[in-house]
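# Geometric and topological summary
Each chain is listed here by its residues.
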Amino acid sequence: MKSTLMETSSDETQVVAIVGMGGIGKTTFARRIYDDLEIKSHFDILAWVTMSKEYGVRKMLLQLLHCIPSTEAVSREATDDGELADKLKQKLWKRRYLVVIDDIWSTKAWDDISQWFPDSKGSHALLTTRCGNVASYAASGKPPHHMSPLSAKESWELLQSKVELSPELLEVGKKIADNCHGVPLAVTVVAGLLSKCNNALDRWEQVAEDVKSAIFKDPGQQCEKVLALSYYYLPQHLKGCFLYFGIFSQDDEINVTTLINLWVAEGILKEVDYKSLEDVAEEYLQELIDRNWVLVGQQNFCGDVETCRIHDLLHELCLRQARSENFLPVIDDKPPYRASRVPQSFMQVCVMIVRSIGGFHRLNSHSYDQKVIRTIVYQGEHAYYAPRNKYLLVVDNERGMREISEFKNSKMIRVLALRKLCFHNDIPASLFDLVNLRYLSLSIDSPKFLPLLKLQRLQVLTVEIENFASNMIPLQIWRMPQLRSVHFIKTRWRCPPNMANAEGKQVILEHLHTLSGVGPAWCKNEIFALMPNLNKLEIVLDRSVDDQHRDLWIAISYLPLVETLRIKAGWWDFDERCVILIICQLLYQ
């Protein structure tokens, strides 16, 4: 495969396809090629995009552009998909490039994206797909690379690499590996299950019997059955956490902080003595990773997991199992625009996943009982919208102004995740009447007053501002005792609130553990006194480095006993040496 991709004789961009059933290792094989040092040195540009059955053109373009140095800022400025596509073609023009399109499902999908890749000598597009007809269509005239199942020996070696075996488990372990029919994902997930069996022979034999009973002639069905059996063995406290991955789109790279905050807000975690819910969530996530149910994405320099995802077959299992168990029944905005019947006992846990602007319009129609919706998550393209009046949410898009939703009948909502929708002018007043709200993330285009006081159960607040700098701050956070996590993103709300102007008596925010996006001036004793359990703090520098150097130096004696202190250089250019000096001095102290 490497020699094929490094062939430079053709003046046209060549297409190479990798074909195989789900779980057979197509993405792993493609990733190994993509990360190969010879490949990296051979090509001028390498880019990777994951497509899936339901793909968003803009999202894919941004993923590709972000793989190319110096294009992130350009892509932010693009106003439409055509402009993004032109930027991508400009970057690839007359360069030797390798683009990997992972998990493509249809010939139409290839027609939609193939125009983005200009002919260039020695360049290649590498596709992975389950569909042989897609491979033949895209790589016309070139036979695809078919992924074969692992041999019995390879399956056994893979199992041994994933779990430690005592001598008495060798025989039963080989039987388990054989019964996975050479599907790497099945072997890996079963290995995660076995790793929690404490080398107990009787438990291994039970797993072996269950895997054997799941034998199908079709390896694809075999893999699905093995995964379902492995889910059966998951501890009860992990099942809910795994099923919650169903609210995200397939192949999404999921921010771990967001995931943990959602778990906490939804109330699906068990309380443990002497541990915060966030610590419990981190332990649960790590256990899912150890069991090979969740894949690690990005990690920070300390090795902490910052993003994660799940395999597309596990995502399919997640959706099937969530439907069968009526766990967070999903009201999707796709045709036929209605949810499957939800039993009365689950009426309080409905989720609405909105993948388009029209989904909000249908939310306000009679097809939904808004009283049963507990979570609204917008997963569509980034959009701006403005209210026609202070109660109705209205979107300004290519089709003109449309009424979308009012929240006055949605009193049960606990989670409102709307960061991809940027409010223009006013925010619907009914949003701030959602007294059961635990999680609120939103984006606004300019500084405005946020009347948060009625949201006394709010635990997570994330506010992003798009265009203007401001020193305004929602003062009412000082009267919201349930807050656990507060994030200001691109807000430039860097100065602390004037405590004397806060109406009413301030309370001690004893549950607040994370505060991000604030300036050095926040580091004052009277402010930290209101947040005694703060353990994660992010300070953003966005004025003169010299001034901030002095602020931080004075403030260092007021810092609480934080476990994580992050210093960011904001949105302006800084002399990196000055920032490093500040950090070194803080560490020295």
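Within the UniProt record for the chain, the comment given under Subcellular location (unreviewed entry) is "Cytoplasm". The Sequence similarities (unreviewed entry) comment attached to the chain in UniProt states, word for word, "Belongs to the disease resistance NB-LRR family."

### A closer look at the overall build of the chain
Scanning the chain from terminus to terminus reveals 21 helices and 21 strands. Of all 589 residues assigned to the chain, the portion counted as buried reaches 51%. Residue pairs in contact within the chain that sit at least 24 positions apart in sequence constitute 63% of those at least 6 positions apart. Approximately 28100 Å² of the chain is accessible, and the part contributed by carbon and sulfur atoms is 49%.

### Considering the sheet that holds strand 7 (residues 295-296)
Taken in spatial order, the 3 strands make up an open sheet running 6-8-7, and their pairing is antiparallel. Among the strands making up the open sheet, the edge pair consists of strand 6 (254-255) and strand 7.

### A look at helix 7 (residues 107-114)
By the burial criterion, the buried members of helix 7 are Ala-109, Trp-110 and Ile-113. Taken down its axis, helix 7 places every buried residue within 100 degrees of arc, on the same side. Buried residues along helix 7 sit against strand 1 (14-19), helix 4 (57-66), strand 3 (97-102), strand 4 (124-129) and helix 8 (132-138).

### Comments concerning the pattern of salt bridges
Side chains that carry opposite charge are capable of pairing whenever their charged atoms lie near each other. Scanning all chains against the criterion turns up 19 salt bridges. Of the charged contacts, one joins Asp-44 and Arg-95 as a salt bridge, the two residues approaching to 3.9 Å between their closest N and O atoms. Of the two residues, Asp-44 is situated in the loop between helix 3 (37-42) and strand 2 (45-50) and Arg-95 in the loop between helix 6 (81-92) and strand 3; the sequence distance between them amounts to 51 residues. On the basis of relative accessible area, Arg-95 is assigned to the partly exposed category, the value being 35%. Residue Arg-130 is joined to Asp-312 by a salt bridge in which the shortest nitrogen-to-oxygen separation is 3.1 Å. Taken as a pair, Arg-130 in the loop between strand 4 and helix 8 and Asp-312 in helix 17 (residues 312-325) lie far apart in primary sequence, 182 residues in all.

### Examining the packing of aromatic side chains
For the structure shown, the criterion picks out 7 aromatic pairs. Aromatic pair Phe-242 and Trp-293: ring centres 4.9 Å apart, planes at 70 degrees, arrangement edge-to-face. Of this pair, Phe-242 sits in helix 14 (residues 236-243) while Trp-293 sits in the loop between helix 16 (277-290) and strand 7, and the two are 51 residues apart along the sequence. By relative accessible area, which is 0% here, Phe-242 ends up buried.

### Topic: helix 10 (residues 170-178)
Of the positions making up helix 10, those classed as buried are Val-172, Gly-173, Ile-176 and Ala-177. Considered in projection along helix 10, the buried side chains sweep an arc of 140 degrees and stay on one side of the axis.

### Let's talk about the packing of helix 9 (residues 152-162) against helix 11 (residues 184-194)
Helices that pack against each other are described as a pair by the angle of their axes relative to one another and the distance between those axes. Where helix 9 meets helix 11, the closest approach of the two axes is 9 Å, and the angle between their N-to-C directions is 35 degrees. Along this stretch, helix 9 crosses helix 11, giving a crossing that reads as right-handed. Only Pro-184, Val-187, Thr-188, Ala-191 and Leu-194 of helix 11 make contact with helix 9, whose side of the interface consists of Ser-155, Leu-158, Leu-159 and Lys-162.

### Notes on the environment of Gly-297
On the secondary structure map, Gly-297 appears in the loop between strand 7 and strand 8 (307-309). The spatial distance from the C-alpha of Gly-297 to the C-alpha of Cys-308 is 4.6 Å, given a sequence separation of 11 residues. Ignoring any residue separated from it by four or fewer positions in sequence, one finds Gly-297 in contact with Glu-253, Thr-307 and Cys-308.

### Some points on the environment of Leu-450
Along the chain, Leu-450 turns up in the loop between strand 16 (439-444) and strand 17 (460-465). With relative accessibility at 3%, the residue Leu-450 sits in the buried group. Taking the C-alpha atoms as reference points, Leu-450 and Ile-427, 23 residues apart in sequence, are found 8.5 Å from one another.

### Some thoughts on the sheet that holds strand 2
Taking strand neighbours across the sheet as the criterion, the 5 strands line up as 2-3-4-1-5 in an open arrangement whose pairing is parallel. Each of the sheet's edge strands pairs with one partner strand only, and the pair in question is strand 2 and strand 5 (145-146). As defined by bridge partners, strand 3 adjoins strand 4 across 4 bridges and the pair is classed as parallel. Along strand 4, the bridge assignment pairs Val-99 with Ala-125. Its contacts with the sheet put helix 2 (residues 26-34) on strand 1, strand 2, strand 3, strand 4 and strand 5, and the angle it makes with strand 2 is roughly 165 degrees.

### What about the nonpolar core?
Within the largest apolar cluster, 69 residues are counted, with the highest numbers of intra-cluster contacts made by Phe-242, Phe-245, Trp-263, Leu-285, Leu-288 and Trp-293. A total of 8 residues in this core trace back to one element, the largest contributor, which is helix 11. Excluding residues that lie within four positions of it along the chain, Phe-242 makes contacts with Tyr-231, Leu-234, Leu-288, Trp-293, Ile-310, Leu-314 and Cys-318.

### Some remarks on the environment of Asn-261
Of note, Asn-261 is situated in helix 15 (residues 256-266). A residue is classified by how much of its surface remains accessible, and Asn-261, at 5% relative accessible area, is buried. Spatially, the C-alpha atoms of Asn-261 and Tyr-439 are 7.8 Å apart, while their sequence positions differ by 178 residues. Dropping the residues within four chain positions of it, Asn-261 is found in contact with Tyr-439, Val-460, Ser-485 and His-487.

### Overview of the side chain of Gln-250
Note on placement: Gln-250 falls in the loop between helix 14 and strand 6. Since its relative accessible area comes to 18%, Gln-250 is described here as buried. Other than its neighbours up to four places away in sequence, Gln-250 contacts Ser-52, Lys-53, Asp-103, Asp-312, His-315 and Glu-316.

### What about the pairing of strand 4?
The buried count for strand 4 comes to 6 of 6 residues, which makes it a mostly enclosed element. Of the two faces of strand 4, the one lined by His-124, Leu-126 and Thr-128 and the one lined by Ala-125, Leu-127 and Thr-129 are each fully buried. Bridging between strand 1 and strand 4 involves 6 bridges; their strand directions are parallel. By the bridge assignment, Val-19 is partnered in strand 4 with Thr-129. For the crossover that starts at strand 3, traverses helix 7 and ends in the parallel strand 4, the hand is right-handed.

### A short note on the confidence of the model for the chain
Here the chain shows a mean pLDDT of 78. Residues at 70 or above account for 72%. Across residues 571-577, where pLDDT falls below 50, the model places 13 contacts with residues more than four positions away in sequence or in other chains.

What counts, and where the lines are drawn
- Residues numbered from 1 in each chain as written.
- Predicted model: local features only at pLDDT ≥ 70, side-chain atom pairs only at ≥ 80, totals over all residues.
- Heavy atoms only, no water.
- UniProt positions renumbered as here; feature names shortened; annotations may be inferred.
- Helix = DSSP H or I, 4+ residues; strand = E, 2+ residues; numbered from the N terminus.
- Buried < 20%, exposed > 50% of the residue type's maximum accessible area, 1.4 Å probe, protein only.
- Contact = heavy atoms within 4.5 Å.
- Areas by Shrake-Rupley, 256 points an atom, 1.4 Å probe, with all protein chains shown as cover.
- Pairing = 2+ DSSP bridges.
- Arc of directions from axis to C-beta.
- Salt bridge = Lys/Arg side-chain N within 4 Å of Asp/Glu carboxyl O.
- Phe/Tyr/Trp six-rings, centres within 6.5 Å; stacked < 30°, edge-to-face > 60°.
- Axes fitted to C-alpha atoms, helices over the stretch in contact; angles between N-to-C directions.
- Left-handed = near helix turned anticlockwise from the far one by under 90°.
- Core = buried A, V, L, I, M, F, W, Y, C linked by side-chain atoms within 4.5 Å.
- Right-handed = clockwise from strand over helix to strand, strands pointing away.
- pLDDT = per-residue confidence, 0-100.

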